[in-house]
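The lines below spell out each chain.
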Amino acid sequence: MNKIILSILLLSSSLILAGCAEQQGPAEQAGEKIDRGIENSKDATSDAIENAGDKIEDATDRY
């Protein structure tokens, strides 16, 4: 009897947790936007550094 009750409790709590995981609140949405913004700025900074390096290389190749 106890095993049946425990199984039912585990199954129901798993379903409840799975249902909560699908919904996003405003804080989570804002966090994801911040993450995307940081990733985009990292990419832009990396590209700018790479371009600057290329220009320095081109300038030194001329001399």
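First, a word on what this report is: a plain description of the structure on this page. (Residues numbered from 1 in each chain as written. Predicted model: local features only at pLDDT ≥ 70, side-chain atom pairs only at ≥ 80, totals over all residues. Heavy atoms only, no water.)

**Section: the overall build of the chain**
Alright, step 1. Broken down by element type, the chain carries two helices and zero strands.
Alright, step 2. Within the chain, the proportion of its 63 residues that are buried is 0%.
Alright, step 3. When the accessible surface of the chain is summed, it comes to about 5900 Å², and 61% of that surface belongs to carbon and sulfur atoms. (Helix = DSSP H or I, 4+ residues; strand = E, 2+ residues; numbered from the N terminus. Buried < 20%, exposed > 50% of the residue type's maximum accessible area, 1.4 Å probe, protein only. Areas by Shrake-Rupley, 256 points an atom, 1.4 Å probe, with all protein chains shown as cover.)

**A closer look at a negative patch on the surface**
Alright, step 1. Negative charge collects at one region of the surface, where E28, E32, D35, E39, D43, D47, E50, D54, E57, D58 and D61 lie side by side.
Alright, step 2. Tracing the backbone shows D47 in helix α2 (residues 26–62).
Alright, step 3. Accessibility expressed as a relative area gives 44% for D47, which makes it partly exposed. (Patch = residues over 30% accessible without salt bridge, like charges linked within 9 Å, V, L, I, M, F, W, Y side chains within 5 Å. Salt bridge = Lys/Arg side-chain N within 4 Å of Asp/Glu carboxyl O. Lys, Arg positive; Asp, Glu negative; His and termini not counted. Charge placed at Lys NZ, Arg CZ, Asp CG, Glu CD.)

**Let's talk about the environment of T45**
Alright, step 1. Examined against the element boundaries, T45 turns out to sit in helix α2.
Alright, step 2. By relative accessible area, which is 44% here, T45 ends up partly exposed.
Alright, step 3. At 2.8 Å, the side chain of T45 forms a polar contact with the backbone oxygen of S41. (Polar contact = N/O pair within 3.5 Å; in protein donor to acceptor, adjacent residues only side chain to side chain.)

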